[in-house]
Amino acid sequence: VLVGVVLLSVNCRREAPTPAPTPIPPTVKATTVPPPPPTTPAPTPIPATPKPAPPKPKATPKPATPKPTPPTPPPATATPPPPTAPPAPTTPAPQAMKLQITEPANESIVNSAGIRVSGVTNLDAVVSVNGTIVDVGDNGVFGINLTLLEGPNLIEVIATDIEGRQAAQNITVIYIP
């Protein structure tokens, strides 16, 4: 649309100015806009279940400390103290091993090859003479006959009880034919 303006004036003539061209609004060109790329829905984060906070310890009131009471002395009585238990019976001391050679005497000189070795020991003992076991009688007496060699002869007597205790004696007998 063109609009013209006419100016009229009295006794003056002026040339009418050339009207300024009316700006034409720019035309909008249609442009094709590509469609937006398809959107993949983002996973919805699941909020972590909050762990309940551990319960706060409650202050427990301290029990009132009892006031110490002075000890009361025991009432005076004439009752004697209770008797003490008698001492436990004592086990008799173990009997020492006894061994005594009664014949022959140590360092005896004999002119016969055959001799008798005898002695006394504990009733429960086992006796050996030069490695040979000898019977012990009810009264603890033992004896054995030996044959001597010419010259000095060592005779070893050992007595052992059931508890393993031992007693030993050595004697020498000299045989001169």
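Data block above holds the structure.
Residues numbered from 1 in each chain as written. Predicted model: local features only at pLDDT ≥ 70, side-chain atom pairs only at ≥ 80, totals over all residues. Heavy atoms only, no water.

Enquirer: How would you explain the sheet that holds strand 6 (residues 141–147) if you had to name every residue and give the values?
Expert: Reading across the sheet, the three strands line up as 1-3-6 and stay open at both edges, with antiparallel pairing between neighbours. Each edge of the sheet is formed by a strand with only one pairing partner; in this case those strands are strand 1 (99–103) and strand 6. Recorded for the sheet is a direction-independent mean angle of 25° between the axes of neighbouring strands. The pairing of strand 1 with strand 3 (residues 114–121) spans four bridges and is antiparallel. Across the sheet, the residue bridging to Q100 is V120, located in strand 3. (Pairing = 2+ DSSP bridges. Helix = DSSP H or I, 4+ residues; strand = E, 2+ residues; numbered from the N terminus. Axes fitted to C-alpha atoms, helices over the stretch in contact; angles between N-to-C directions.)

Enquirer: Give me the lowdown on the sheet that holds strand 5 (residues 132–134), citing residues and values where you can.
Expert: To summarise the sheet geometry, strands pair through backbone hydrogen bonds and adopt either a parallel or an antiparallel arrangement. With mixed pairing, the five strands of this open sheet are ordered in space as 2-8-7-4-5. With one partner strand each, in any of the chains shown, strand 2 (108–110) and strand 5 form the two edges of the open sheet. Each strand of the sheet is rotated relative to its neighbour by a mean of 30°, with strand direction disregarded. Pairing geometry for strand 4 (residues 126–129) and strand 7 (residues 151–160), over four bridges, is antiparallel. Of the residues in strand 7, the one forming a bridge with V127 is A159.

Enquirer: Could you give me a rundown of the side chain of S118, with the residues and numbers involved?
Expert: Structurally, S118 is set in strand 3. The class of S118 is buried, set by a relative accessible area of 9%. S118 has contacts with Q100, I101, T102, E103, F142 and G143, leaving out every residue within four places of it along the chain. (Buried < 20%, exposed > 50% of the residue type's maximum accessible area, 1.4 Å probe, protein only. Contact = heavy atoms within 4.5 Å.)

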